[in-house]
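Breakdown of the fold
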Amino acid sequence: MGILSLVILLLVILFWPAEEVAASGSAPKVTLELGIEYPVAIPNFAFEGINDTGDTDTTDYISYKVKSGDTLAQIFNRFSLSPQTTHKVSRAGELAEKLTRLKPGDLLYFRINEANHLLGLKFPLSNIDTLLVNAKGNDFETTIETKEIESVLSFSQGSIKSSFWNAGVEAGLSDLQIMELAGIFGWDIDFAQEIRAGDSFNVAYEALYIDGELIGTGNIAAAEFINQGETFTAIRYTDNQYYTPQGASMRKSFLRAPINFKYVSSNFNPKRFHPVQKRYKPHRGVDYVAKIGTPVLAAGDGKVIRSQYDRFNGHHVFLQHGERYQTKYLHFTKRAVKLGQIVKQGDVIGYLGATGMVTGAHLHYEFLVDGVHRNPKTVSLPKAEPIKAAHKAKFLEIASQKVSLLDNHKRILLAMN
Ligand SMILES: [Zn+2]
């Protein structure tokens with residue numbers, strides 16, 4: 001091992017400057033002589049697997065990659081470890097059971113002394129957890145070593161040109177984060193129909209690191225969404241809920257749109273800018289165009305007061321929410337609820353279709369307050385509980401910190417673009 005390292009070191013010293021020179025366009029300075037064999041570095045040799053976990057503590061260990069059909073006994077035998085050792089290790093407590101369920105590609109790290117005794121065994125279970133088996137007297141003991149995840153606040157900013165989804169991807173957000181963002185603001189903004197070119201967002205989210213390496217993202221800590229000139233800001237609190245910077249809940253008793261924005265085909269139409277098209281539609285509802293079979297959700301908690309078919313409305317469902325509110329959903333291809341059924345907000349009540357008097361597949365959605373049709377996109381909706389009084393002072397402090405962090409990074413990111 002020592003000689004091997006020395007060879008590699010020499011190779012690095014020999015070729016490093018040459019590569020740099022070559023990269024800058026001139027001929028390499030190192031000249032090779034005829035008749036002499038030069039060692040050439042082979043990629044991935046010898047060290048394969050050892051750095052996979054990023055664990056620096058496996059230097060005294062020999063790695064082994066589990067092959068299809070391998071058992072612990074076979075692997076131990078390959079390392080000339082006695083069947084007794086296999087037996088002791090496999091019975092070293094409950095955790096050792098994990099070694100009986102090895103999969104091809106799993107990595108094992110062995111530490112074996114000159115007398116061929118097993119001193120230690122490491123089995124990485126995930127990026128975070130490693131099973132440790134250590135010799136203790138005549139036996140072995142098992143523990144789990146857990147790496148510390150470091151959470152760093154990261155920032156992302158986007159502006160909508162073609163669609164919210166594309167802007168999110170362009171801003172470096174994952175699919176999940178884009179959906180989360182729509183979920184946070186979806187109570188105020190109808191992401192299926194009310195997003196416009198020029199709308200923008202700023203997000204502060206947790207980036208998760210292990211040993212300095214990014215392993216994923218955590219929660220959205222704070223976010224701002226500017227929709228048609230109106231700014232919405234959400235701050236996450238320790239109760240896992242989002243609130244406005246003043247402490248009001250972001251959640252409301254009704255969803256702004258009873259359908260996931262991702263499925264709505266016409267979720268972005270620049271022509272909607274036209275002032276004439278902004279008028280309240282005469283048929284007193286909102287149409288969502290999407291594929292037949294797209295799930296339609298209950299906008300709020302309630303009770304099914306109608307679930308039937310007629311030749312005008314096709315398959316349709318009406319919901320009653322408390323005493324004052326009603327929502328109506330028309331033209332389903334199939335209904336998913338029965339008369340009298342109690343539904344929760346977000347439950348699937350039917351599937352978008354083209355039944356009844358329609359020209360194409362769509363969901364026709366109506367919102368009524370005290371029996372009067374209201375625009376579901378603009379009607380003021382009752383909000384969920386605000387931040388608890390006992391937490392308010394602490395929350396307001398956190399919120400103002402997060403808001404200024406968002407503002408600062410918005411300026412920095414805008415300046416960079
Ligand atoms: Zn309609």
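Quick caveat, the model's predicted, so the values are computed rather than measured.

What follows concerns the nonpolar core. Grouped together as the largest cluster of nonpolar side chains are 52 residues, with contacts concentrated most on F164, F185, F201 and I349. If you tally residues by element for this core, the top one is helix α5 (residues 175–185), at five residues. Summarising the domain contributions, this core has at least three residues from each of domain 3 (149–252 + 390–417) and domain 4 (271–382). Apart from residues lying up to four places away in sequence, F201 is in contact with S156, Q157, G158, I160, F164, A167, G168, A171, L173, L181, E224 and F225.

Two side chains carrying opposite charge are able to pair once their charged atoms lie near each other. On inspection of all chains with the given rule, the structure shows nine salt bridges. Linking K136 and E141 is a salt bridge whose minimum nitrogen-to-oxygen distance equals 3.7 Å. Taking relative accessible area as the criterion, E141 reaches 38% and is therefore assigned partly exposed.

Another aspect to go through is the side chain of T294. Tracing the backbone through its elements, the reader meets T294 in the loop between β11 (286–288) and β12 (295–297). At 2.7 Å, the side chain of T294 forms a polar contact with the backbone oxygen of K291. Discounting residues that sit within four places of it in the chain, T294 has contacts with I259, Y263, G350, Y351 and L352.

Spatially, the three strands line up as an open sheet ordered β12-β18-β16, and their pairing is antiparallel. Across the chains shown, the open sheet's two edge strands, defined by having one partner strand only, are β12 and β16 (334–335). Relative to strand β18 (residues 348–351), β16 runs antiparallel, the two being bridged by two bridges. If you follow K334 over to β18, its bridge partner there is Y351.

What follows covers unusual backbone geometry. For N116, which is not glycine, the phi torsion reads 65° and is therefore positive. Residue placement: N116 occurs in the loop between β2 (107–112) and β3 (118–124). Judged by relative accessible area, which is 32%, N116 ranks as partly exposed. At D370, a residue that is not glycine, the phi angle is positive and equals roughly 50°. Note that D370 resides in the loop between β19 (363–369) and β20 (372–374).

Under the defined criterion, the tally for this structure stands at 18 aromatic pairs. Plain terms: the ring middles of F185 and F225 are 5.8 Å apart, the flat faces sit at 50° to each other, and that makes the pair tilted. Taken as a pair, F185 in helix α5 and F225 in strand β8 (residues 213–227) lie far apart in primary sequence, 40 residues in all. By the burial criterion, F185 is buried, and F225 matches it.

Quick notes on the rules
- Residues numbered from 1 in each chain as written.
- Predicted model: local features only at pLDDT ≥ 70, side-chain atom pairs only at ≥ 80, totals over all residues.
- Heavy atoms only, no water.
- Core = buried A, V, L, I, M, F, W, Y, C linked by side-chain atoms within 4.5 Å.
- Buried < 20%, exposed > 50% of the residue type's maximum accessible area, 1.4 Å probe, protein only.
- Helix = DSSP H or I, 4+ residues; strand = E, 2+ residues; numbered from the N terminus.
- Domains from an automatic or database assignment.
- Contact = heavy atoms within 4.5 Å.
- Salt bridge = Lys/Arg side-chain N within 4 Å of Asp/Glu carboxyl O.
- Polar contact = N/O pair within 3.5 Å; in protein donor to acceptor, adjacent residues only side chain to side chain.
- Pairing = 2+ DSSP bridges.
- Phe/Tyr/Trp six-rings, centres within 6.5 Å; stacked < 30°, edge-to-face > 60°.

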